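Now for the letters of each chain:
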Amino acid sequence: MALIHNLGFPRIGKQRALKFALEAYWAGTIDQSTLRAKGAEIRKQNWALQAQAGVELLPVGDFAWYDHVLATTVMVGAVPARHHSSDSNPLDTLFRIARGRAPSGCVCAASEMTKWFDTNYHYIVPELSAEQRFSLTDSELFTHVSEAQQLGHTPKPVLIGPVTYLYLAKCADEPFDKLALLPQLLEVYQQILNKLAAQQVQWVQIDEPILALELDDAYRQALKDSFTSLSGHGVKLLLATYFDDVSHHLDDIQDYAIDGVHFDWLASTVDIQALDKAVGNERVLSLGVVDGRNVWRANLSSLHAQLHPIAEQRGEMLWIAPSCSLLHTPVDLEQEQQLDSELKSWLAFATQKCQELQLLRHALHSSDTTAIDRYSAAVKARQSSTRVNNKRVQQSVAALSAQDAQRQSAFSKRAKTQRQALQLPLLPTTTIGSFPQTQAIRQARRDFKNGTLDSQAYHTQMEAEIRYVIEEQQALGLDVLVHGEAERNDMVEYFGELLEGVSFTQFGWVQSYGSRCVKPPIIWGDVARSQPMTVHWSRYAQSLTQKPVKGMLTGPVTILSWSFVRDDLDNPTIAKQIAVALRDEVVDLQNAGIGIIQIDEPAFRERMPLKTSHWQDYLDWATYAFRVAASGAEDKTQIHTHMCYSEFNDIIGAIADMDADVITIETSRSHMELLNAFEHFDYPNEIGPGVYDIHTPNVPDVASIKALIHKAAQKIPVERLWVNPDCGLKTRQWQETRAALYNMVEAAKELRQEL
Ligand code: GLN
Ligand code: ZN
């Protein structure tokens, strides 16, 4: 009989308990043992939840205090020298790497953070040097294994595979061949496996998600060598692959010294027989059959029909699981009280996905499909629901032509018109949009949402917040102001709440990075704008100042990428629907006297398909959607866009093609290296490279900001440079924000004299 296992469960807790505990610890209001106790409680709940739902092999090691890649870094002793401290407190060391500081002291630059494959989860990038030495320095994993065992569970520890780990790492100093570090890293992995074997662990899951990519021969060989060296250490090895098809590596996988393989069945382009054959009868075939990255209820009847023969044939050598770790889905649909019952019947969150596996397994075993047929009826009902169709939207998208993706004139002409209209100084200063989200702001939004604050009182308070940030910005001497986004809980959720065809949840949180969680909207039908979404706030902000206030929108690719997206319509069409809605908003903002409009696209790069062969197709539709959204702007209206955490080399052509008048980007952590792509491409439009890192509370000094701008000016003509932080300021406190922006404006002023 098929066995149910899970690749990972959300670590934030049902009600985001981990977030609150972490933030309390960082703020010094709870001590480390209280934090640790909270973590243990969440793990216990998670295992209980999964066990109750019928999961037999429980993931352990999926829990992490901040990020599982960072946990691996600490475990293998790859802590950057600047984050070490004498106080032998591994948890604080971990927080220092992630945040540049920890309660026990030391302020230093945090490590870089970047997106985990094509998801919206961020990991802390390991920094390795050519002389890197690894050693087993952290015992957290083994503690969690004993915890699970003491609770009566059968743990299956999850490790990031050594080759994926090296692949994701960056060279700290000079570039070198990271794979040269593999033999030494493997020694540590062997020690880990030996220790787990001593703890009576039977199965260990080794995640090598890079198998979904197109790999060169060196990495292919490294994977093979790695499994050879990891086998024979007293535990069975389950290779886990996910996020995309791996059939291009099937011949390699066939030769690995492993005891089982997990495939993302939903992404597979080959049939079950091919996977079955590659794995063979002696090894476990694990199929990821329910979507670990989306929220739709699985069609268990259809899965049953597909899996029935292989389940018969393989018996317990077939395992079933979610396609990938459930880290990317919310915890429990049952918490949702405000979704209408029809929509709710279409959905499944992490807990429900485990239950789906149990239902499926029961049907596979008993051949009684009554329960799964009943369960899957809602999936079929959704397929034929009229609610998802909006004729008006479908018609306007069908009518889009090349003309709809054009501004009036080319950039060179627009730039002149805008210079006239805006009268900005050299090196104009601005911010990315949001200002600190204080307790009072969050409280007001919460009270408004649950009805204890009426609409008028809410409006009055939000306007007071806007007035405050406008006054602060004027006092600081910034050139292009923003309204501060106080009314937005999140840049995607905000629009999700206002657009038709999109719903939002009460508790559908997923981890974005560290303690930061987001609540992605659910796009279930055709997307339409029924009323202006941002005009009121922007108009009010502009009425308070002579300086230009930037309107602030979230772009089509980002809304799409950071939402749970319907699986019954192709992404390019959904992106066009959103673009049309945004275009109408651009026109309304412009008519309301807003002269600069930013259309944020921070998700543009991370949404790139994993396989390079799929890139062009994606870039074509993504760029098109952005251009449609921007096309409502007249020449005099300056369109900005913003991207964070991007590697620009691969997409610089597409960025030029997006043709925003100004792009602001993250660059501070990379010391302006990211600008090289723009320099080499001769990128023609204006750029605001981030001059300080907003992800830590550290305040940059004037000299360091000036040094960065100098560096930028060597790459980009200074007339086309803007000065801004590298992302929005919503997670920061006012005190550090004020100090940092003061220094930033000061740096720009001094440079205007000097340059
Ligand atoms: N305008 C948004 C903000 O300032 C942009 C955030 C982002 O890039 N993720 O918060
Ligand atoms: Zn950003």
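None of these values were measured; they are calculated from a predicted model.

Q: Talk me through the overall build of the protein; I want residue IDs and the actual numbers.
A: Helix and strand content of the protein: 27 helices and 23 strands. The C-alpha radius of gyration computed for the protein amounts to 26 Å, which stays within 12% of the reference 27 Å derived for 755 residues, consistent with globular compactness. Taking the principal axes of the C-alpha coordinates as reference, the protein spans close to 75 × 65 × 50 Å. Residues classed as buried in the protein amount to 52% of the 755 residues present.

Q: Report on the sheet that holds strand β12 (residues 318–322), specifying residues and quantitative values.
A: Strand pairing in a sheet takes place through backbone hydrogen bonds and is either antiparallel or parallel in direction. Taken in spatial order, the eight strands of this open sheet run β1-β12-β11-β10-β9-β8-β6-β2, and their pairing is parallel. Bordering the open sheet on either side are β1 (3–4) and β2 (57–60), each of which pairs with just one other strand. Note that β1 and β12 share two bridges and pair parallel. Looking across to β12, one finds that I4 is bridged to I320.

Q: Provide a residue-level description of the sheet that holds strand β19 (residues 564–565), including the pertinent values.
A: On the basis of which strands lie adjacent, the open sheet formed by three strands has the order β14-β17-β19 and mixed pairing. Only two strands of the sheet have a single neighbouring strand rather than two, namely β14 (499–503) and β19. Here two bridges tie strand β17 (residues 522–529) to β19, and the two strands are oriented parallel to one another. When the bridges of β19 are listed, I522 appears paired with F564. Each of β14, β17 and β19 is contacted by helix α22 (residues 571–591), which is oriented at about 40° to β17, the strand it contacts most.

Q: How would you sum up the pairing of strand β15 (residues 510–513)? Please name residues and give values.
A: Taken together, the three bridges between β15 and strand β16 (residues 516–518) define a ladder with antiparallel strand orientation. Bridge pairing in β16 places V510 opposite V518.

Q: Would you mind going over unusual backbone geometry in detail, with residue names and values included?
A: One non-glycine residue with positive phi stands out, namely E485, at about 60°. Note that E485 resides in the loop between β13 (481–482) and α19 (493–498). The class of E485 is buried, set by 25 C-beta atoms lying within 10 Å. Although it is not a glycine, M672 sits at a positive phi angle of roughly 70°.

Q: I'd love a proper account of the UniProt feature "binding site: Zn(2+)" (unreviewed entry) in the protein, names of residues and values included.
A: The positions that UniProt labels "binding site: Zn(2+)" (unreviewed entry) are, in the present scheme, H642, C644, E666 and C727. A maximum C-alpha distance of 8.6 Å places the annotated residues, which cover 86 residues in sequence, within one compact spot. Along the chain, C644 turns up in the loop between β21 (638–643) and α24 (652–658). The exposure class of C644 is buried, given the 26 C-beta atoms found within 10 Å. Sequence-distant contacts of C644, that is, excluding residues within four places in its chain, are made with P602, E666, D726 and C727.

Q: Quick rundown of the site of ligand 1? Include the residues and the values.
A: Around ligand 1 sit 13 residues in total, of which I432, G433, S434, P602 and G728 are the nearest. Of the residues that constitute the shell around ligand 1, the class distribution is six nonpolar, four polar and three charged.

Q: Account for the environment of L185, with residues named and values stated.
A: You can see L185 is positioned in helix α7 (residues 182–198). For the pair L185 and D479, spaced 294 residues apart in sequence, the C-alpha to C-alpha distance is 50 Å. Apart from the residues lying within four places of it in its own chain, the contact partners of L185 are V76, F134, P162 and L166.

Conventions and cut-offs
Residues numbered from 1 in each chain as written. Chains lettered and ligands numbered in written order. Predicted model: local features only at pLDDT ≥ 70, side-chain atom pairs only at ≥ 80, totals over all residues. Helix = DSSP H or I, 4+ residues; strand = E, 2+ residues; numbered from the N terminus. Rg over C-alpha atoms; globule rule 2.2 N^0.38 Å. Buried ≥ 20, exposed ≤ 12 C-beta atoms within 10 Å, placed from the backbone. Pairing = 2+ DSSP bridges. Contact = placed C-beta atoms within 7 Å. Axes fitted to C-alpha atoms, helices over the stretch in contact; angles between N-to-C directions. UniProt positions renumbered as here; feature names shortened; annotations may be inferred. Near = placed C-beta within 6 Å. Nonpolar A, V, L, I, M, F, W, Y, C, P; charged D, E, K, R; others polar.

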